[in-house]
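Next come the chains, spelled out residue by residue.
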Amino acid sequence: MLPVVEITRLEEGEAGTIGALRLNKQLICLTLEPPDRENARNVSSVPAQQYRCSRVRSPKFGETFEVNDVPGRSSVLFHPGNVVEDTRGCFLLGRHVGALRGRRALMASGEAFREFLALLEGVDSFHLTIREEY
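Described in the following lines is the structure provided in the data block.

Quick notes on the rules
- Note on numbering: residues in each chain are counted from 1, in written sequence order.
- The predicted nature of this model means local features are confined to residues of pLDDT at least 70 and side-chain atom pairs, given and counted, to a pLDDT of 80 or more, with totals for whole chains, interfaces and linings taken over all residues.
- Derived side-chain values reflect all non-hydrogen atoms in the structure, with water molecules and hydrogen atoms excluded from consideration.
- Pairing between strands is defined by DSSP: at least two bridges between them are needed.
- The secondary structure listing takes helices from DSSP runs of H or I that are at least 4 residues long and strands from runs of E that are at least 2 residues long, numbered from the N terminus.
- What counts as a salt bridge is simple: a side-chain nitrogen of Lys or Arg found within 4 Å of a carboxyl oxygen of Asp or Glu.
- Classification of residues uses two cut-offs on accessible area relative to the type maximum, computed with a 1.4 Å probe and protein chains only: under 20% is buried, over 50% is exposed, and between them is partly exposed.
- Here, two residues are considered to be in contact whenever any of their heavy atoms come within 4.5 Å of each other.
- Directions drawn from the helix axis to the C-beta atoms are what define this arc.

**Observations concerning the sheet that holds strand β7 (residues 91-94)**
What the eight strands build is an open sheet, ordered β5-β4-β10-β1-β2-β3-β7-β6; its pairing is mixed. A strand with exactly one partner marks an edge of an open sheet, and here the two such strands are β5 (62-67) and β6 (78-79). Looking at chain direction, strand β4 (residues 50-58) and strand β10 (residues 125-132) are connected through five bridges and run antiparallel. Across the sheet, the residue bridging to C53 is F126, located in β10.

Structure, rendered in structure tokens:
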């Protein structure tokens, strides 16, 4: 049985869209995406719906997961990063919200990303459901 990953978006603003990521109903970390810009490539959050994600090797981020079949987009990944400019339309993972150089940011991103990958060790794909609760 494939793992189930859920992202519940909690708030949205110009500093990005903050969500909570659960793996099989357990809270794992927070997410940061760009605000909704009508699914524009590299600058928008992913449309809220269900997807399948597959393990890939990124030239920049190494082993990670890609969100498949996002309409009109490719290379939507889970990866570490802190501020909305780091997302490029992807999902950043972090432990908590804070500030970096005076800007709203996700903190302990590398740690959260490594834990996400460790929890999915041996898994090649999973279901992702994105919901909005704001």
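On we go.
**Digging into the pattern of salt bridges**
If you walk through the whole model with that rule in mind, you get 11 salt bridges. One salt bridge in this structure joins R131 and E6, with 3.0 Å as the shortest N-O distance. Of the two residues, R131 is situated in strand β10 and E6 in strand β1 (residues 4-13); the sequence distance between them amounts to 125 residues. The class of R131 is partly exposed, set by a relative accessible area of 39%. Between R57 and E63 there is a salt bridge; the shortest N-O distance is 3.6 Å. On the basis of relative accessibility, which here comes to 61%, the residue R57 falls in the exposed class. Assessed through its relative accessible area of 30%, E63 is described here as partly exposed. Through salt bridges with shared partners, one network takes in R55, R57, E63 and D124.

**A word on the environment of A108**
Its place among the elements puts A108 in the loop between β9 (103-107) and α1 (109-119). It is 19 Å that separates the C-alpha atoms of A108 and R9, two residues lying 99 residues apart in sequence. For A108, the residues in contact, after removing those within four places along its chain, are G94 and R95.

**Some words on α1**
Taken together, the buried positions of α1 are occupied by S109, A112, F113, F116 and L117. Looking down the long axis of α1, one finds its buried residues gathered within 135° of arc, a one-sided arrangement.

**Concerning the side chain of H79**
With respect to the element layout, H79 can be found in strand β6. Leave out the neighbours within four places in its chain, and H79 touches F61, D86, T87, C90, F91, L92, L93 and F113.

**Overview of the pairing of β9**
When strand β8 (residues 96-100) meets β9, the two strands line up antiparallel, connected through five bridges. Among the inter-strand pairings, H96 is bridged to a residue of β9, identified as M107. The hairpin formed by β8 and β9 contains two residues between the paired strands, and R101 there has a positive phi angle of roughly 50°.

**Considering unusual backbone geometry**
Despite not being glycine, E38 has its phi angle at roughly 55°, a positive value. Turning to its location among the elements, E38 is positioned in the loop between β3 (26-33) and β4. Judged by its relative accessible area of 76%, E38 falls in the exposed class. Phi at R101 takes a positive value of approximately 50°, unusual for a residue other than glycine. Structurally, R101 can be placed in the loop between β8 and β9. Using a relative accessible area of 72% as the deciding quantity, one classes R101 as exposed.

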